Amino acid sequence: MTTQDILDIKSLLATPKKIVVIPHKNPDGDAIGSTLGLLHYLLKLNHDAVIVAPNDYPEFLKWLPKEDSILKYDTQTVESENIINHADIIFTLDFNALHRTGNMEPVLERSDAIKIMIDHHQQPDNYAKYMFSDVSMSSTCEMVYHFLTKLEALEVVDKDIATCLYVGIMTDTGSFRFRSTTSTTHRIIADLIDKGADNTQIHNNVFDTNSFNRMQLLGCALSNLKVLPEYNTAYITLSQDELQQLDYKKGDTEGFVNYALSLNKTVLAAIFIEDKKQGIIKISLRSKGDFSVNEMSRAHFEGGGHTNAAGGKSTTSLEATVEKFISILPTYSKALNNE
Ligand code: 5GP
Ligand code: MN
């Protein structure tokens, strides 16, 4: 994003506009935190702004300020399309390609609104007029903070904005421990606390609202954990039956893959979750060090993400997907044993 881009965006935002803010499909803490943080800012500037999410998000985010104003495209399609079709500006946050919005892709492609991307995923597509893309960033929430800094708008950051941005930085950094966490990340977090983010309350709201069933599901996931010591790899499977038996709710499996990664000597961790309704196996990959799960996912599982955290999918059975995963490991043997 150049100085001229910032000047352009400043002048665009100088008068009230119709603005839509969009996160990726299956939005996570960073997607919802960043879109809400930006929304609060835009509303303070008297824009007519609304978030349209491709679909629903986990319960542990359903306390954030103004989250109940978020439109969901899959269940509120007509209203969502109407709003997108009349937008002057569309912000796309926390994703790098329009197909990451699922069924919203053609609607966004057709729109002639000015598109502004704020994102930290690798290999971004070139669909936005203004691209604020930085793969070194911990989170899109951290980027929204930098974006507001560039707009000289930090004094506008209040408790609501600070709370939303704190949540996304916290969830995308695994509570400030992943490699992408820098001293700047911590300085931003410190400033967000100064501006009203209640860190203890936020951690409680996001992490300490487990249902009994979710804890049982974690038990099931851990008992399904398999280790492949020759590849420093660990993986978890969850079948549709197991999910159903424990009354699975969206977001329940969030973070499970990190237990596999936390196992002694593990460089690569995966979780395979069966979704019969969509006819796919949802895959989450995590790694330590320089081993790129972004590349692995792009090459084999129709996905992508970051070096140490990526997602993908497979349209074969759970068993066949795991077999494929195991079958490709020999090609990565050297890298997996070098970390
Ligand atoms: P998760 O495993 O938590 O779903 O996703 C890990 C990271 O990879 C997140 O940053 C997420 O946005 C990204 N990601 C997940 N699924 C996909 C996908 O299908 N394509 C791409 N490009 N990125 C993904
Ligand atoms: Mn993110």
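Keep in mind it's a predicted model, so treat the numbers as computed, not measured.

**Q** Got a sec to walk through the overall build of the protein? Specific residues and values, please.
**A** Helices and strands together make up the secondary structure of the protein, namely 14 helices and 12 strands. Against the 2.2 N^0.38 benchmark of 20 Å for 339 residues, the protein shows a C-alpha radius of gyration of 20 Å, consistent with a compact globule. Projecting the C-alpha coordinates of the protein onto the three principal axes gives extents of approximately 60 × 45 × 40 Å. The buried share of the protein, reckoned over its 339 residues, is 53%. Considering only residue pairs separated by 6 or more positions, the protein has 65% of its internal contacts joining residues 24 or more positions apart. Total accessible area on the protein stands at roughly 15,100 Å², and carbon and sulfur atoms take up 48% of it. The average position of the 32 basic charges and that of the 44 acidic charges among the side chains of the protein differ by 2 Å.

**Q** How would you sum up the nonpolar core? Please name residues and give values.
**A** Formed by 53 residues in total, the largest nonpolar core has its most connected members in Tyr41, Leu42, Phe91 and Leu192. The dominant element in this core, judged by the number of residues it contributes, is helix 6 (residues 159–172), at eight residues.

**Q** I'd love a proper account of the site of ligand 1, names of residues and values included.
**A** Every residue close to ligand 1 is listed here: Arg100, His121, Lys282, Ser284, Arg286, Gly303, Gly304, Gly305, His306, Ala309, Ala310 and Gly311. Between an oxygen atom of ligand 1 and a side-chain N or O atom of arginine 100, the distance comes to 2.9 Å. Taking histidine 306, its side chain carries an N or O atom lying 3.0 Å from an oxygen atom of ligand 1. Within the complex, the protein chains bury 83% of what would otherwise be the 500 Å² of accessible surface of ligand 1. Elements represented by at least two residues in the shell around ligand 1 include exactly strand 10 (280–287), strand 11 (304–305) and strand 12 (309–314). A per-class count over the shell around ligand 1 returns two nonpolar, seven polar and three charged.

**Q** Please give an account of the packing of aromatic side chains that cites residues and values.
**A** Taken as a whole and judged by the stated rule, the model has eight aromatic pairs. Pairing phenylalanine 95 with tyrosine 127 gives two aromatic rings, centres 6.5 Å apart and planes at 15°, and the pair type is stacked. Of this pair, phenylalanine 95 sits in the loop between strand 4 (89–93) and helix 4 (105–110) while tyrosine 127 sits in the loop between strand 5 (114–119) and strand 6 (130–133), and the two are 32 residues apart along the sequence. For the pair phenylalanine 95 and tyrosine 127, one class covers both residues: buried. Between tyrosine 166 and phenylalanine 176, the aromatic rings sit 5.8 Å apart at their centres with planes inclined by 80°, giving edge-to-face as the arrangement. With tyrosine 166 in helix 6 and phenylalanine 176 in the loop between helix 6 and helix 7 (183–194), this pair connects stretches of sequence that are 10 residues apart. The pair formed by tyrosine 166 and phenylalanine 176 is uniform in burial state, with each residue classed as buried.

**Q** Account for the domain arrangement of the protein, with residues named and values stated.
**A** Domain assignment breaks the protein into domain 1 (3–207) and domain 2 (212–338). Relative placement of domain 1 and domain 2: their C-alpha centres are 27 Å apart. Of the residues lining the interface, 17 residues belong to domain 1; the matching set on domain 2 comes to 13 residues. Here domain 1 and domain 2 share an interface that buries about 1,200 Å² over both sides, 43% of which is from carbon and sulfur atoms. On the domain 1 side of the contact with domain 2, Gln122, Gln123 and Arg179 bury the most area, a combined 39% of that side's loss. Applying the counting rule to domain 1 against domain 2 returns one salt bridge. The interface formed by domain 1 and domain 2 holds 11 residue pairs in polar contact (both at pLDDT 80 or more) in total. Its residues assigned to classes, the side of domain 1 that touches domain 2 comprises four nonpolar, seven polar and six charged.

Rules used in this analysis
- Residues numbered from 1 in each chain as written.
- Chains lettered and ligands numbered in written order.
- Predicted model: local features only at pLDDT ≥ 70, side-chain atom pairs only at ≥ 80, totals over all residues.
- Heavy atoms only, no water.
- Helix = DSSP H or I, 4+ residues; strand = E, 2+ residues; numbered from the N terminus.
- Rg over C-alpha atoms; globule rule 2.2 N^0.38 Å.
- Buried < 20%, exposed > 50% of the residue type's maximum accessible area, 1.4 Å probe, protein only.
- Contact = heavy atoms within 4.5 Å.
- Areas by Shrake-Rupley, 256 points an atom, 1.4 Å probe, with all protein chains shown as cover.
- Lys, Arg positive; Asp, Glu negative; His and termini not counted.
- Charge placed at Lys NZ, Arg CZ, Asp CG, Glu CD.
- Core = buried A, V, L, I, M, F, W, Y, C linked by side-chain atoms within 4.5 Å.
- Near = heavy atom within 4 Å.
- Polar contact = N/O pair within 3.5 Å; in protein donor to acceptor, adjacent residues only side chain to side chain.
- Nonpolar A, V, L, I, M, F, W, Y, C, P; charged D, E, K, R; others polar.
- Phe/Tyr/Trp six-rings, centres within 6.5 Å; stacked < 30°, edge-to-face > 60°.
- Domains from an automatic or database assignment.
- Buried area = accessible area lost by both parts, 1.4 Å probe.
- Salt bridge = Lys/Arg side-chain N within 4 Å of Asp/Glu carboxyl O.

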